[in-house]
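# Fold and contact review
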Amino acid sequence: MTQPRIAFLGIGLMGAPMTENLLQAGYPMTLWNRTRSKCAPFAERAAVVDSPTDAVAGADIVITMLENGPVVDDVLVNQGVIDALRPGSIVIDMSSVQPSLARDHAERCLACDVGYLDAPVSGGTVGAEAASLSIMAGGEASTLEQARPVLERLGKVTHIGPAGSGQLAKLANQAIVGITIGAVSEALMLAARGGADPAAVREALMGGFAGSRILELHGQRMIDRRFDPGAPSRIQLKDMRMILDEARAENLTLPLAQRTHDEYLSLIANGQGEADHSGLLLALEHLNGVQMSDPDLPPRAKANRK
């Protein structure tokens, strides 16, 4: 069978490794990114074009992996991507956007006889590179089945429900991620400032009920002070804001999400918007006027290290 042609819009931290996996699977691809140079590593294996409408010409499947809802809306609606699609093609928005925006895009696609899935992901750049992303898909089941072979080249796919449901699942994911990063930051800071070795604390906790991927990966990042972005803090703040917006729309109060949002807001106000979201530790350090690492440990902790 002939492989469907894929147009991929957004070749950033996540889009680049996802594109690599699809190219390795043999899919013919056309790429577009606002900064064209980010497409350069793929120029010998895929077509690179100057506009999103050029990218989707003749495409069977369009995948968007863009920064936020306004950017997705601008590309799909204002720049005319949906109108440029041929009937029977499928749009898969893998960005993180508001559920209401996903529903709007689904309706616009339906009016043009175009399939639509909102399919945000979890797993970060590590999952994107390993093709092990958790993909949360909203939309018609029949549309998902058509797109499933492509999505399974990127990770594990779960059908959540109708359009917008994938984005709701992603908001739930980001609430857990953001709040848990805050919890890990406070736990390791508490242990270190009291004289315990935070690396040993992390190792011990990994074998118990507090064990998690966030403690495993981001706890290690905090200990190593490696805050180069897998997922920038400004993106986590955007997600926390969407969580609170959705909660207000449903007349809900989410105090932990609100507190975590405020901590990320403080982190970014201190100029750390491009730090990895595990850099929430930096906001905690700023709040307390101390650093978790060795130079600032209390004397008894340094003595214990000898």
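First, a word on what this report is: a plain description of the structure on this page. All of these numbers come straight from a predicted model, not from anything done at the bench.

Our next topic: the layout of surface pockets. By volume, the second largest pocket amounts to about 360 Å³. For the lining of the second largest pocket, the secondary structure elements donating two or more residues are helix H5 (99-111), strand S6 (115-118) and helix H7 (141-151). By residue number, the principal contributor to the lining of the second largest pocket is H5, which donates 5 residues. Class assignment of the residues belonging to the lining of the second largest pocket gives a composition of 8 nonpolar, 6 polar and 4 charged.

Between its first and last C-alpha, helix H10 (residues 213-224) extends 16 Å over 12 residues, near the 16 Å set by a 1.5 Å rise per residue. For H10, the complete set of buried residues consists of Ile214, Leu215, His218, Gly219, Arg221 and Met222. Buried residues of H10 fall within an arc of 155 degrees about the axis and therefore sit on the same side. Along its buried surface, H10 packs onto helix H8 (165-194), helix H9 (198-206) and helix H13 (280-288). Within two residues after H10, Arg225 carries a phi angle of roughly 55 degrees, on the positive side.

Another aspect to go through is helix H3 (residues 69-78). Looking only at H3, the buried set comprises Gly69, Val72, Val75 and Leu76. Down the axis of H3, the sector holding all buried residues measures 135 degrees, keeping them to one side. The exposed set on the far side of H3, more than 90 degrees from its buried face, consists of Pro70 and Asn78. The backbone nitrogen of Val71 has a side-chain oxygen 3.0 Å away, supplied by the residue at the start of H3, namely Asn68.

What follows covers the packing of H5 against H8. Between H5 and H8, whose axes approach to 8 Å, the crossing angle comes to 160 degrees. In terms of axis orientation, H5 runs roughly antiparallel to H8. Taken as a pair, H5 and H8 cross one another with a handedness that is right-handed. In this structure, H5 uses Pro99, Ala102 and Arg103 to contact H8, whose residues at the interface are Gln167, Leu168 and Leu171. When the residues that make up the contact of H5 with H8 are grouped by side-chain class, the tally is 4 nonpolar, 1 polar and 1 charged.

On to the side chain of Asn33, then. Secondary-structure assignment places Asn33 in the loop between strand S2 (29-32) and strand S3 (47-48). Looking at Asn33, its side chain comes within polar contact range of the main-chain oxygen of Thr35, at 3.0 Å. Setting aside residues no more than four positions away along its own chain, Asn33 makes contact with Gly10, Ile11, Gly12, Lys38 and Cys39.

Let's shift gears to the packing of H8 against H9. Relative to each other, H8 and H9 sit at 130 degrees, their axes nearing to 9 Å. Between H8 and H9, the interaxial angle falls into the category oblique. The hand of the H8/H9 crossing is right-handed. Residue-level inspection shows Leu188, Ala191 and Ala192 of H8 in contact with H9, the latter providing Pro198, Val201 and Arg202. A breakdown of the residues in the contact of H8 with H9 according to their chemical character gives 5 nonpolar, no polar and 1 charged.

Attention now goes to the pattern of salt bridges. Tallied over the full model, the rule gives 16 salt bridges. For Asp276, the salt bridge identified is with Arg221, shortest N-O distance 3.9 Å. In this pair, Asp276 is assigned in the loop between helix H12 (255-269) and H13 and Arg221 in helix H10, connecting sequence segments 55 residues apart. Arg221 sits in the buried class, given a relative accessible area of 12%. One salt-bridge network, held together by shared partners, links Glu67, Arg234 and Glu274.

Moving on, we get to the side chain of Glu263. Residue placement: Glu263 occurs in helix H12. Excluding its chain neighbours within four sequence positions, the residues that come into contact with Glu263 are Glu186, Leu280 and Ala283.

Let us now look at unusual backbone geometry. Its identity is not glycine, yet Asp113 carries a phi of approximately 60 degrees, on the positive side. As for its position among the elements, Asp113 is in the loop between H5 and S6. On the basis of relative accessible area, Asp113 is assigned to the exposed category, the value being 53%. Non-glycine residue Arg225 carries a positive phi angle of around 55 degrees. By relative accessible area, which is 27% here, Arg225 ends up partly exposed.

How each quantity is defined
Residues numbered from 1 in each chain as written. Predicted model: local features only at pLDDT ≥ 70, side-chain atom pairs only at ≥ 80, totals over all residues. Heavy atoms only, no water. 1 Å grid on protein atoms, 1.4 Å probe; cavity = no way out; pocket = protein on both sides within 12 Å on 5 of 7 lines; lining within 4 Å. Points joined across faces, edges and corners; volume = space filled by probe spheres on them. Helix = DSSP H or I, 4+ residues; strand = E, 2+ residues; numbered from the N terminus. Nonpolar A, V, L, I, M, F, W, Y, C, P; charged D, E, K, R; others polar. Expected span 1.5 Å × (residues − 1). Buried < 20%, exposed > 50% of the residue type's maximum accessible area, 1.4 Å probe, protein only. Arc of directions from axis to C-beta. Contact = heavy atoms within 4.5 Å. Polar contact = N/O pair within 3.5 Å; in protein donor to acceptor, adjacent residues only side chain to side chain. Axes fitted to C-alpha atoms, helices over the stretch in contact; angles between N-to-C directions. Parallel < 35°, antiparallel > 145°, perpendicular 65-115°, else oblique. Left-handed = near helix turned anticlockwise from the far one by under 90°. Salt bridge = Lys/Arg side-chain N within 4 Å of Asp/Glu carboxyl O.

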